[in-house]
Amino acid sequence: MVNLKTHYPLLLSLLGSPLLVVVSDVDSFATSNNYLSTSKSQRVAGVVSTTSIKMSSNNIELPSQKTLDLLLSVAINASKQAGEIILGNAGGADVLKSKANSRDLLTLIDPLCEKTIRETVLATFPTHAFLGEEDVPPGKEASAAAIESKLQQLNKADDNDNYLWIVDPIDGTSNFVHGMPLCMPSVAVAYKGEVVVGVIHDPHRMETFTAVRGRGAQINGDPISVGEQSDIGDAIVAMGSPPAEESMKMSLAALPVLMPKVRTIRMIGSAALMLAWVANGRLTAYWEYDLSSWDVAAGSILIEEAGGKMTDLKGERWNLRTRKICGAMGAKSTSRY
């Protein structure tokens, strides 16, 4: 039996106060009336005890504005080139092989998109490090080891070479295989371990989500911000249908806890798209029990720069090593971390 209480704190209440609420005792919370019996006005006033999101107060060191501009331009160009390949095969694709299991798929198009992105990046930034999903063996252990290895290498690099591109060439491969227009490239750039540029290009809707650290988030050049729901009953929460057995069990166990409290649950099948949709207010929150850095990196900066919060499931700010994730509207803020 899956015990949510001992495995992780689940996001049960998304707003209702100026804080993003993280409940650490899921079992007792779900069966008690302590929160649910309070009125909306009491919740907004913060009568119920909550745990605020813990954000880093350290200043983030950024490259020059000129360098950020060039990073963004190359990331957009690379994403759009990969998007054209995806659109050219939008009717579906044959499965080359399964990876971790039959739900974790690889097509011939995934490595082609990654190769295209890599070549585009390295043509301008030949000394930058590159981490793509298709470079890494399947499984969370290999994924965690891959990002750790890259970060350790960067710790020894000088400032000019302390860049890491983190790429998922087709996020939503199962959707892609079945011809569903819910798949896209996700491209992020980290400088000294902090994501400073993120691009999620949705070729099916021609929507390019971009963010640069300290400049806000945009869609096709227009500013975006997270939603403004004030009550949990208005929240649209997204979650995954993960291929790994442990993650799948935890996600299924969460459904009966979350579904009675929120407006609806959505499983779209693309982490990149769900993160981007939190950033522009289409979704209130998105959480997963286990994801790799390439699934989340670009979306994380979109949400933060759109005024939301990107954390683990304990409320600590997300970083490239984090695997249990929650992106949500949180408390809107114009501050940059």
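Presented here is an overview of the structure given in this document.

Each value, and the rule that gives it
- Residues numbered from 1 in each chain as written.
- Predicted model: local features only at pLDDT ≥ 70, side-chain atom pairs only at ≥ 80, totals over all residues.
- Heavy atoms only, no water.
- Core = buried A, V, L, I, M, F, W, Y, C linked by side-chain atoms within 4.5 Å.
- Buried < 20%, exposed > 50% of the residue type's maximum accessible area, 1.4 Å probe, protein only.
- Contact = heavy atoms within 4.5 Å.
- Helix = DSSP H or I, 4+ residues; strand = E, 2+ residues; numbered from the N terminus.
- Lys, Arg positive; Asp, Glu negative; His and termini not counted.
- Salt bridge = Lys/Arg side-chain N within 4 Å of Asp/Glu carboxyl O.
- Polar contact = N/O pair within 3.5 Å; in protein donor to acceptor, adjacent residues only side chain to side chain.
- Expected span 1.5 Å × (residues − 1).
- Arc of directions from axis to C-beta.
- Pairing = 2+ DSSP bridges.
- Axes fitted to C-alpha atoms, helices over the stretch in contact; angles between N-to-C directions.

**Brief notes about the nonpolar core**
Counting 47 residues, the largest nonpolar core has L164, I200, F209, Y286, L302, W318 and L320 as the members making the most contacts within it. The residues contacting L164, other than those within four sequence positions of it, are A129, F130, L131, I147, K150, L154, A188, V189 and A190. Counting residues in each nonpolar core, the second largest holds 28 residues, with A75, F125, W165 and V199 among its members.

**Re the side chain of D295**
For D295, the location among the structural elements is in helix α10 (residues 293-305). For D295, which is buried and forms no salt bridge, the nearest opposite charge comes from R323, at a distance of 6.4 Å. Reaching out from D295, the side chain makes a polar contact with the backbone nitrogen of S292 at a distance of 3.0 Å. Excluding anything up to four places from it in sequence, D295 contacts D168, D171, A271, A272 and L275.

**Section: helix α6 (residues 140-155)**
Helix length check: α6, at 16 residues, gives a terminal C-alpha distance of 23 Å against a target of 22 Å (1.5 Å per residue), a fit within 8%. For α6, the complete set of buried residues consists of S143, A146, I147, L151 and L154. The arc enclosing the buried residues of α6, seen along the axis, measures out at 125°, which places them on a common side. α6 presents E141 and N155 as exposed residues on the side facing more than 90 degrees away from its buried surface.

**Quick word on the environment of A145**
Looking at the secondary structure, you find A145 in helix α6. Separated by 176 residues in the primary sequence, A145 and R321 have C-alpha atoms spaced 9.5 Å apart.

**Focus: the sheet that holds strand β7 (residues 207-212)**
Here we have 7 strands laid out as an open sheet, ordered β3-β4-β5-β6-β7-β8-β9, and mixed in their pairing. Each end of this open sheet is capped by a strand with a single partner; those strands are β3 (129-132) and β9 (222-224). Strand-to-strand twist across the sheet, computed as the mean angle between neighbouring axes with direction ignored, equals 20°. Where β7 lies against strand β8 (residues 216-219), 4 bridges are found, and the strand directions are antiparallel. Bridge assignment links A211 to a residue of β8, and that residue is A217.

**Quick look at the pairing of strand β14 (residues 325-328)**
By the alternation rule, side chains of β14 split into I325 and G327 and C326 and A328, which are all buried. The sheet contact formed by strand β12 (residues 285-288) and β14 spans 4 bridges and is antiparallel. Paired with Y286 across the bridge in β14 is G327. For strand β13 (residues 309-311) and β14, the ladder comprises 3 bridges, and the chain directions are antiparallel. By the bridge assignment, T311 is partnered in β14 with C326.

**Quick look at helix α8 (residues 245-258)**
Because an α-helix packs 3.6 residues into every turn, residues spaced three or four apart end up facing the same way. For α8, spanning 14 residues, the distance from its first C-alpha to its last is 20 Å, which sits close to the expected 20 Å at 1.5 Å a residue. When we look at burial in α8, the residues that qualify are S247, M250, S251, A254, L255, V257 and L258. Seen end-on, α8 carries its buried residues on one side only, within an arc spanning 165°. The exposed set on the far side of α8, more than 90 degrees from its buried face, consists of L252 and P256.

**Some thoughts on the sheet that holds strand β10 (residues 236-239)**
Judged by pairing direction, the sheet is mixed, and its 5 strands sit side by side in the order β11-β10-β12-β14-β13 without closing on themselves. Of all the strands in the sheet, just β11 (264-266) and β13 have a single pairing partner and so form its edges. Across the sheet, the axes of successive neighbouring strands diverge by a mean angle of 15°, strand direction being ignored. Where α8 meets the sheet, it contacts β10, β11 and β12, and its direction lies at approximately 145° from that of β12. Across the face of the sheet, α10 comes into contact with β13 and β14 while running at roughly 140° to β13.

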